[in-house]
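Residues per chain, in single letters:
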Amino acid sequence: MTLPAQRHGTDPGRELAEPGFWQQPPAHRLAAFARLRAAEGPVFVPEGSGRGHWALVRHAQVQEASRLPKVFASAPGVTTPEPARWVRALFGDSMVNLDGPDHAQLRKIVQRAFTPRLLAAAEADIHAVAARIVDDVLAEQPDEFVSAVASRLPLEVICNMMGIPEHYRAEIADRVNHASENIGVERGLASRLRMPGRGLRALARMQRMVAGIGRERRKHPTDDLISALVCANVDGQALGARQLGAFFSLLMVAGVETTRNAITHGLSLLTDHPDQRDLLLSDFEKYADGAVDEMIRHSTPIIQFRRTVAAEHTMDGHVFRPGDKVVLYYASANRDETVFPDPDAFVITRSPNPHLGFGGGGPHFCLGAHLARVEMKALFRELLTRPVGLRAVGLPDLAGSNFDNRVRSLRFAFERP
């Protein structure tokens, strides 16, 4: 691995490796990323293991790495730390951790399963679920937004689309929370010793559950995504039990978590920027698409993904060599001043808005990007255009994760005439 000269002097990347950095207020973290973007090239971030990674913090850097999968490989894993070999052997490789033909084949099976008929049914269901959730909110008047609203929509939509029986859903929601609650969150030694198996047990139970459903659907297929995946015939292949479990876990932990966080940050942003909320309400259909993309850019639900260098490559004057580790910091790329004028502002008419909230392009671009946008637009239409509006109360309670911009809770209240 190439060692940077700055490691022997003041190390501008060291702050990102400090456990307390991710517990700092968002403004502190964004200021640190701005300083790193001003550096001449990629900045080295030392890690406790003795290695470390190169931080790709500019928009162009993240895009370049995303579009060169033969150079910047997703295997052995995109999270920090990388998944252990025994975990990969037990649970199978998620699509996000695969490269080359293995990734292409799995993605092809999944893409073929998303037929126009299935997508049309999913979009109709999204609108119905969004309306039902807001009906429930108006009737019950809860005061915590994540559990009452933001988590419900993506979970119900994905479960409906996959064909998960109703009696499994409460348990799945609980497993998702256990599986994701400590991802990227610094914990004390006692907690690390006590908790590491909790998330894995949750994933194991969730995967066993969906594998059982998959076996049943092979025998008796229905009109849902699990049936399409396990009965597919793409070059003679369909998803096996482990592949189905890994894909479902990805949908649950990634699809549910990211969308719920984007929705929650969206309500907070509209509350903090009443001028933008008023503009959106002045013509919802005209401004909604731009508002959704600006919510995603501004909040960046996934903060970073990791890559391993597989072939020598030069970027911004630095030579990456095989074995080097790099991290694509989407949270920084989405505030790149050279791409987004006044990047810290929330502007729903921002155009163009080439944010990297769904990835930087290339073969790993998010498969669920379209559905996530539809979900957010449908929910905010219901939340904002009913006679009684909603507003956030106070600041979001952030998890302090270095992986995703997770919100534990957000209080909200009704706006009455």
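Quantities reported herein were computed from a predicted structural model and do not represent experimental measurements.

Rules of the game
Residues numbered from 1 in each chain as written. Predicted model: local features only at pLDDT ≥ 70, side-chain atom pairs only at ≥ 80, totals over all residues. Heavy atoms only, no water. Salt bridge = Lys/Arg side-chain N within 4 Å of Asp/Glu carboxyl O. Helix = DSSP H or I, 4+ residues; strand = E, 2+ residues; numbered from the N terminus. Core = buried A, V, L, I, M, F, W, Y, C linked by side-chain atoms within 4.5 Å. Buried < 20%, exposed > 50% of the residue type's maximum accessible area, 1.4 Å probe, protein only. Expected span 1.5 Å × (residues − 1). Contact = heavy atoms within 4.5 Å. pLDDT = per-residue confidence, 0-100. Axes fitted to C-alpha atoms, helices over the stretch in contact; angles between N-to-C directions. Left-handed = near helix turned anticlockwise from the far one by under 90°. Nonpolar A, V, L, I, M, F, W, Y, C, P; charged D, E, K, R; others polar. Pairing = 2+ DSSP bridges. Polar contact = N/O pair within 3.5 Å; in protein donor to acceptor, adjacent residues only side chain to side chain. Phe/Tyr/Trp six-rings, centres within 6.5 Å; stacked < 30°, edge-to-face > 60°. Lys NZ or Arg CZ within 6 Å of the ring centre and 35° of its normal. Arc of directions from axis to C-beta.

Q: Help me out: how do you make sense of the pattern of salt bridges in this one?
A: Should their charged atoms come close, side chains of opposite charge can pair. Enumeration over the complete set of coordinates arrives at 25 salt bridges. A salt bridge links Glu82 to Arg306; the shortest N-O distance between them is 3.6 Å. Linking Glu82 in the loop between strand E3 (72-73) and helix H4 (85-91) with Arg306 in strand E4 (residues 304-309), this pair joins segments that are 224 residues apart in sequence. Ionic contacts of the salt-bridge type, sharing partners, join the residues Glu47, Glu82, Arg306 and Lys325 into one network.

Q: Quick question: what am I supposed to make of the nonpolar core here?
A: The biggest cluster of nonpolar side chains holds 82 residues, and the ones touching the most others in it are Phe247 and Met252. In terms of residues, this core owes the most to one element, helix H13 (residues 241-272), which gives 12 residues. Membership of the second largest hydrophobic core comes to 19 residues, among which are Phe44, Leu328, Tyr330 and Phe403.

Q: I would appreciate a short explanation of helix H5 (residues 100-113) in the present structure.
A: For an α-helix the count is 3.6 residues per turn, leaving residues at separations of three or four pointing the same way. The end-to-end C-alpha separation of H5 is 20 Å, in line with the 20 Å expected for 14 residues at 1.5 Å each. Among the residues making up H5, those that are buried are His103, Gln105, Leu106, Arg107, Ile109, Val110 and Ala113. Where H5 is buried, its residues meet helix H6 (116-140), helix H12 (225-230) and H13.

Q: Is there a simple way to explain the confidence of the model for the protein chain in this structure?
A: Regions with low pLDDT carry predicted coordinates that are not meant to be interpreted in detail. Looking at the protein chain as a whole, its pLDDT mean stands at 89, while 91% of the residues score no less than 70. In this model, residues 187-196 is a region of pLDDT below 50 whose contacts with residues beyond four sequence positions or in other chains number eight contacts.

Q: Honestly, the environment of Ile296 in this entry has me stumped. Any pointers?
A: As for its position among the elements, Ile296 is in helix H15 (residues 284-299). On the accessibility criterion, Ile296 (3% relative accessible area) is buried. For the pair Ile296 and Asn261, spaced 35 residues apart in the sequence, the C-alpha separation amounts to 9.3 Å. When residues no more than four places from it in sequence are discounted, the contact partners of Ile296 are Pro301, Asn334, His355, Gly357, Phe358 and Met376.

Q: Help me out: how do you make sense of the packing of H6 against helix H8 (residues 152-162) in this one?
A: Each pair of packed helices gets described by two things: the angle between the helix axes and the distance between those axes. Running from N to C, H6 and H8 point in directions that differ by 145°, and their axes come no closer than 9 Å. Here H6 and H8 pass one another in a crossing that is right-handed. Taken together, the residues of H8 that come into contact with H6 (itself represented by Leu118, Ala122, Asp125, Ile126, Val129, Ala130, Arg132, Ile133 and Asp136) are Arg152, Leu153, Glu156, Val157, Asn160 and Met161. Per-class residue counts for the contact of H6 with H8 are nine nonpolar, one polar and five charged.

Q: Looking at this structure, how should I read the sheet that holds strand E7 (residues 325-329)?
A: Hydrogen bonds between backbone groups are what pair the strands of a sheet, and the pairing can be parallel or antiparallel. A sheet is described by the order of its strands in space; here five strands give the open sequence E1-E2-E7-E4-E3, paired in mixed fashion. Each having just a single partner strand, strand E1 (43-45) and E3 make up the two edges of the open sheet. Judged from the two bridges that link them, E3 and E4 form a sheet pairing that is antiparallel. Its bridge partner lying in E4, Ala73 is registered against Thr308.

Q: Looking at this structure, I do not really get the side chain of Lys325. What am I missing?
A: Tracing the backbone through its elements, the reader meets Lys325 in strand E7. At 2.7 Å, the side chain of Lys325 and the side chain of Glu82 are in polar contact.

Q: Just to check I follow, could you spell out the packing of aromatic side chains for this structure?
A: Any two aromatic rings considered together are summarised by their centre-to-centre distance and by the angle between their planes. Summed over all chains, the structure comprises 12 aromatic pairs. Measuring from ring centre to ring centre gives 5.3 Å for Phe33 and Tyr329, while their planes differ by 50°; the resulting arrangement is tilted. Here Phe33 is found in helix H2 (residues 26-37), whereas its partner Tyr329 is found in strand E7, with 296 residues between them in sequence. Taken individually, Phe33 and Tyr329 each receive the classification buried, so the pair is uniform in this respect. Their ring planes at 80° and their centres at 5.7 Å tell us that Phe72 and Phe320 sit as a pair that is edge-to-face. Placement of the pair is Phe72 in strand E3 and Phe320 in strand E6 (residues 318-320), with a sequence separation of 248 residues. An identical accessibility class is assigned to Phe72 and Phe320; each is buried. Ring pairs connect the aromatic residues Phe21, Trp22, Phe33 and Tyr329, which therefore count as one cluster. A cation over a ring is seen here: Arg297 above Phe340, with NZ or CZ 5.3 Å from the ring centre.

Q: What exactly am I supposed to notice about H2 here?
A: Spanning 12 residues, H2 covers 17 Å between terminal C-alpha atoms, matching the ideal 16 Å at 1.5 Å per step. For H2, the complete set of buried residues consists of Arg29, Ala32, Phe33, Leu36 and Arg37. Projected down its long axis, H2 shows its buried positions confined to an angular sector of 140°, all on one face. Packed against the buried residues of H2 are helix H1 (14-17), E1, E7, helix H16 (330-333) and strand E8 (389-398).

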